[in-house]
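# Observations on the three-dimensional arrangement
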Number of protein chains: 2
Amino acid sequence: MADLVWHIPFTMDARRADHIAEALEGLIFNGEFSDGDRLDEIRLAERFGVSRTPIREAFQRLALSGLVEAIPRRGVFVRQPGLVELLEMFEVMAEFEGICGRLASARITNEALDALQVANAACRQAVEAGDADAYYRENERFHHIIYRQSGNAFLEAETCRLHRRLKPFRRMQLQLRGRLAQSMSEHEGIVQALTNADAERAGRLLREHVAVQGEKFHHLMSSLKPAAE
Amino acid sequence: MADLVWHIPFTMDARRADHIAEALEGLIFNGEFSDGDRLDEIRLAERFGVSRTPIREAFQRLALSGLVEAIPRRGVFVRQPGLVELLEMFEVMAEFEGICGRLASARITNEALDALQVANAACRQAVEAGDADAYYRENERFHHIIYRQSGNAFLEAETCRLHRRLKPFRRMQLQLRGRLAQSMSEHEGIVQALTNADAERAGRLLREHVAVQGEKFHHLMSSLKPAAE
DNA sequence: ACTTCTCATGTTGTATACAAAAGTATTGAC
DNA sequence: GTCAATACTTTTGTATACAACATGAGAAGT
């Protein structure tokens, strides 16, 4: 399915390496490769119809993202994060969100507060319609507004980076029964705290809002895999 | 000075690209290239005595670190962070340290507490000797212990990454008169809070400890450049 | 039978060759 | 004299060729 993209006869501009990096990321996320698999440069080059050079460039990007590990003179191996590492990342994500919220509470604009209300309303609609995908989209918009309103572009970028990294795992736990409604009510508390410029409360609520996702994820995983790792 | 390394006739193992990335990093930090300069692949290849390939690999790594910006079909350009971005990074660094401290206060081992005392004693010695370099080294050890004791390897890695990125700028403000002694006394408060497992206090002290570095840096810069950026 | 050395094979890392695109300068028209 | 178009140069992105190294099999020796 992702393959077909590459049969378009070079309509795309820019560097092929960029697209290949994205495509590989997708392949890894979609479980085409398992943890520990070696990514064969030549095979992938043939598969994408390019030479080894752009493949290797894509590898470097993935290695810097932490998706693969490049061992010198040995090759690159996919490195799916283990449960422990995932929980660590969720913990850091919760802290990031908390910081964004704390900073945003003092710096947020009125327009952004309105936008939060709008996104939240869209979230509510999605919940009522039982549309998990729509909720996911609007939820993302909600959080990105807060990242932006932290007033710290560097923090925003780092938070987005981790958010993106956790995307495939975050999605799983959103499917859980009752989580959507709970998440909604948390959103409302967050908006209130931001409106009142209550820095500590906004930070704490956001941190807990994400931390609970990590816990849900933990439960989900440990119920699925009896003794992985 | 860093050039000489490359005249050693291939004693070094591993990939040359790795070393080149480090060397380029050093060159940029040391001010050999200014903001906006284009990094000429061919010139650098000749300079390092290699082909363009490892140079380009090094570029990618630097681009991912944010030191240079790669514009497709145009080349890579040095991207020194402006004052605003630096202050943003210091703000995030302060938050990282605070998080590490808060988490560490609950998770730190007795051995690590002892190691903190040792590092702190070495810091004190360096202050008394007026040895800024030694202080810098021991200070780094002190902080890294706390990162590690956060018990979150992912957080530790991210914090080290930013710490490393801020290294050249952090160093400037340490040279300021009286900063060493102040920094020392802050360290003692931090150790005490960690010993008492006072999470909030440890977090707050560490955050402020770094935040003040950002402020000092701000003052320093604005006193040097009247109206940069 | 087990160890060790050597060689064969395959893979990575680097160099070079080539094509496409951006930049630059010259020429020509108005 | 200015502007625009075109040819020319420079530079990036990619492909291919080559060399260094790792791995594994097989032969020789104990």
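Residues numbered from 1 in each chain as written. Chains lettered and ligands numbered in written order. Predicted model: local features only at pLDDT ≥ 70, side-chain atom pairs only at ≥ 80, totals over all residues. Heavy atoms only, no water.

A separate point is the packing of helix 4 (residues 83–107) of chain B against helix 6 (residues 132–149) of chain B. Residues and elements named next belong to chain B. Viewed as axis vectors pointing N to C, helix 4 and helix 6 meet at an angle of 60°, and their least axial separation amounts to 7 Å. By crossing handedness, the relation of helix 4 to helix 6 is classed as left-handed. Taking contact as the criterion, the partners of Met93, Glu97, Cys100, Gly101, Ala104 and Arg107 in helix 4 are, on helix 6, His143, Ile146, Tyr147 and Gln149. Across the contact of helix 4 with helix 6, the residue classes break down as 5 nonpolar, 3 polar and 2 charged. (Axes fitted to C-alpha atoms, helices over the stretch in contact; angles between N-to-C directions. Helix = DSSP H or I, 4+ residues; strand = E, 2+ residues; numbered from the N terminus. Left-handed = near helix turned anticlockwise from the far one by under 90°. Contact = heavy atoms within 4.5 Å. Nonpolar A, V, L, I, M, F, W, Y, C, P; charged D, E, K, R; others polar.)

It is worth spelling out the domain arrangement of chain A at this point. Along its sequence, chain A is organised into domain 1 (3–78) and domain 2 (83–224). Taking only C-alpha atoms, the centre of domain 1 of chain A and the centre of domain 2 of chain A are 31 Å apart. (Domains from an automatic or database assignment.)

On to the pairing of strand 3 (residues 75–78) of chain A. All names here are of chain A. Burial along strand 3 is one-sided: Val76 and Val78 are buried, and none of Gly75 and Phe77, which face the opposite way, are. Where strand 1 (residues 38–39) lies against strand 3, 2 bridges are found, and the strand directions are antiparallel. Looking at strand 3, one finds that Leu39 is bridged to Val76. Inspection of the sheet shows strand 2 (residues 68–71) paired to strand 3 by 4 bridges, in the antiparallel sense. Looking at the pairing, Ala70 lines up with Val76 of strand 3. Turn length for the strand 2-strand 3 hairpin, with the two strands adjacent in sequence and antiparallel, is 3 residues, and the turn residue Arg73 shows positive phi of about 65°. (Buried < 20%, exposed > 50% of the residue type's maximum accessible area, 1.4 Å probe, protein only. Pairing = 2+ DSSP bridges.)

In this section: helix 8 (residues 179–195) of chain A. An α-helix turns once per 3.6 residues; consequently, residues spaced three or four apart project the same way. All names here are of chain A. Compared with the 24 Å implied by 1.5 Å per residue over 17 residues, the 24 Å span of helix 8 between its first and last C-alpha is a close match. Of the residues making up helix 8, those classed as buried are Arg179, Leu180, Ser183, Met184, Glu186, His187, Gly189, Ile190, Val191, Ala193 and Leu194. Where helix 8 ends, the next residue or the one after it, Ala197, has phi of about 55°, a positive value. (Expected span 1.5 Å × (residues − 1).)

Glancing now at the protein's contact with DNA strand C. Inspection of the region around DNA strand C gives 19 residues, with A:Arg38, A:Arg52, B:Arg16, B:Ser51 and B:Arg74 positioned closest. When atoms of DNA strand C within 4 Å of the protein are sorted by moiety, sugar and phosphate together comprise 72%. One nitrogen or oxygen atom from the side chain of A:Arg38 is found 2.5 Å from a phosphate oxygen belonging to DNA strand C. One of the side-chain N or O atoms of B:Arg74 is found 2.7 Å from a phosphate oxygen in DNA strand C. Contributions of two or more residues to the surface near DNA strand C are made by helix 3 (52–65) of chain A together with helix 1 (16–29) and helix 3 (52–65) of chain B. Per-element tally for the surface near DNA strand C: the top contributor is helix 3 of chain B, with 3 residues. (Near = heavy atom within 4 Å. Polar contact = N/O pair within 3.5 Å; in protein donor to acceptor, adjacent residues only side chain to side chain.)

Here the focus is the interface of chain A and chain B. With 28 residues of chain A in contact, the opposing surface of chain B contributes 28 residues. Summed over the shared surface of chain A and chain B, the number is 8 salt bridges. The closest approach of N and O atoms between B:Glu95 and A:Arg102, which form a salt bridge, is 2.6 Å. Sorting the residues of the side of chain A that touches chain B by element identifies helix 3, helix 4 (83–107) and helix 7 (153–174) of chain A as the ones contributing at least two each. It is helix 4 of chain A that provides the largest number of residues to the side of chain A that touches chain B, a total of 10 residues. When the residues that make up the side of chain A that touches chain B are grouped by side-chain class, the tally is 12 nonpolar, 3 polar and 13 charged. (Salt bridge = Lys/Arg side-chain N within 4 Å of Asp/Glu carboxyl O.)

Let's shift gears to the environment of A:Asn110. Tracing the backbone shows A:Asn110 in helix 5 (residues 110–129). As for A:Asn110 and A:Thr195, which are separated by 85 residues in sequence, their C-alpha atoms are 8.7 Å apart.

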